[in-house]
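The chain contents come next:
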Amino acid sequence: MSGAELHSACEALAPLVGVWRGTGDGHYPTVPDFSYLEDLEFAHIGKPFLAMTQRTRDPLSDAPLHSEVGYLRPQPRSGMELVLTQPTGVVEIHTGTVIETGGSLVVDLRTERVEGTRTAKPITEVRRRLEVSGDKLISEMWMAAMGQPLTHHLRAELSRVDDRRGAWDLRLPGSP
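Structural notes, computed from the coordinates. (Residues numbered from 1 in each chain as written. Predicted model: local features only at pLDDT ≥ 70, side-chain atom pairs only at ≥ 80, totals over all residues. Heavy atoms only, no water.)

Within the protein chain, the secondary structure is distributed over zero helices and 10 strands. Ordered by position in the sequence, the α and β elements of the protein chain form the string β-β-β-β-β-β-β-β-β-β. The globule rule puts the C-alpha radius of gyration for 176 residues at 16 Å, and the 16 Å found for the protein chain is close to it. Residues counted as buried form 39% of the 176 residues belonging to the protein chain. Within the protein chain, residue pairs in contact and separated by at least 24 positions form 45% of the contacts whose partners lie at least 6 positions apart. Of the accessible surface of the protein chain, which amounts to about 9,700 Å², a share of 53% is contributed by carbon and sulfur atoms. Of the charged side chains in the protein chain, 19 are positive and 24 negative, and the gap between their average positions amounts to 3 Å. (Helix = DSSP H or I, 4+ residues; strand = E, 2+ residues; numbered from the N terminus. Rg over C-alpha atoms; globule rule 2.2 N^0.38 Å. Buried < 20%, exposed > 50% of the residue type's maximum accessible area, 1.4 Å probe, protein only. Contact = heavy atoms within 4.5 Å. Areas by Shrake-Rupley, 256 points an atom, 1.4 Å probe, with all protein chains shown as cover. Lys, Arg positive; Asp, Glu negative; His and termini not counted. Charge placed at Lys NZ, Arg CZ, Asp CG, Glu CD.)

Written out as structure tokens, the structure reads:
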């Protein structure tokens, strides 16, 4: 750990910091229903953002399914931005809010823009919602893609497995 303190702009997001693991279910009009295992990590280096890394895998074969990386960027007056990239050629730019109520933290985000490479599947809109209560996190996603309207797509229930309140370590393995 580098020992960096969480940036004051990220204080409301402190409950997210750490490693989360659990199971999820997905459905969409263009694919059969499915289940997945999810790992989700939020980390910081003392700057005014949190880094986010998400990976899913098949619960039966443990084969990788999907991954995403991005940054949560707190804004004034409880605003939030999320910049997220996917190996499928999609980049999402979200805006939204952070609300602390009754011991829970809710981050609610909607896409401002969704861009894709020439070979990416067409996605026109995404909504993401994270709700943290203690050591439980519920992650939900709605998506408009492949000619379908905004539709609930994913829901995962995750538990905290590592409480990384410190900063992530940017040193390469084997470096001093």
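Once that is clear, we can look at the sheet that holds strand β7 (residues 104–116). Reading around the circumference, β1-β2-β3-β4-β5-β6-β7-β8-β9-β10 is the order of the 10 strands in this closed barrel, with antiparallel pairing throughout. When strand polarity is set aside, the average angle formed by the axes of neighbouring strands in this sheet is 25°. One ladder, built from 10 bridges, connects strand β8 (residues 123–133) with strand β9 (residues 136–145); its direction is antiparallel. If you follow Arg128 over to β9, its bridge partner there is Met141. (Pairing = 2+ DSSP bridges. Axes fitted to C-alpha atoms, helices over the stretch in contact; angles between N-to-C directions.)

Applying the stated criterion across every chain yields a total of one cavity of 30 Å³ or more. Its boundaries defined by the atoms lining it, the largest cavity holds a volume of some 170 Å³. Lining the largest cavity are 17 residues; nearest its centre among them are Glu68, Arg128, Leu130, Ser139 and Glu140. At the level of elements, β2 (31–43), β3 (50–57), β7, β8, β9 and β10 (151–162) are the ones that each hand at least two residues to the lining of the largest cavity. The class makeup of the residues in the lining of the largest cavity is 10 nonpolar, two polar and five charged. (1 Å grid on protein atoms, 1.4 Å probe; cavity = no way out; pocket = protein on both sides within 12 Å on 5 of 7 lines; lining within 4 Å. Points joined across faces, edges and corners; volume = space filled by probe spheres on them. Nonpolar A, V, L, I, M, F, W, Y, C, P; charged D, E, K, R; others polar.)

Judged from the seven bridges that link them, strand β4 (residues 64–75) and strand β5 (residues 79–85) form a sheet pairing that is antiparallel. If you follow Leu72 over to β5, its bridge partner there is Leu82. Pairing geometry for β5 and strand β6 (residues 90–101), over seven bridges, is antiparallel. Each residue of the ladder has a partner; that of Leu82, found in β6, is His94. The turn linking β5 back onto β6 is made up of four residues, and Gly89 within it adopts a positive phi angle of 95°.

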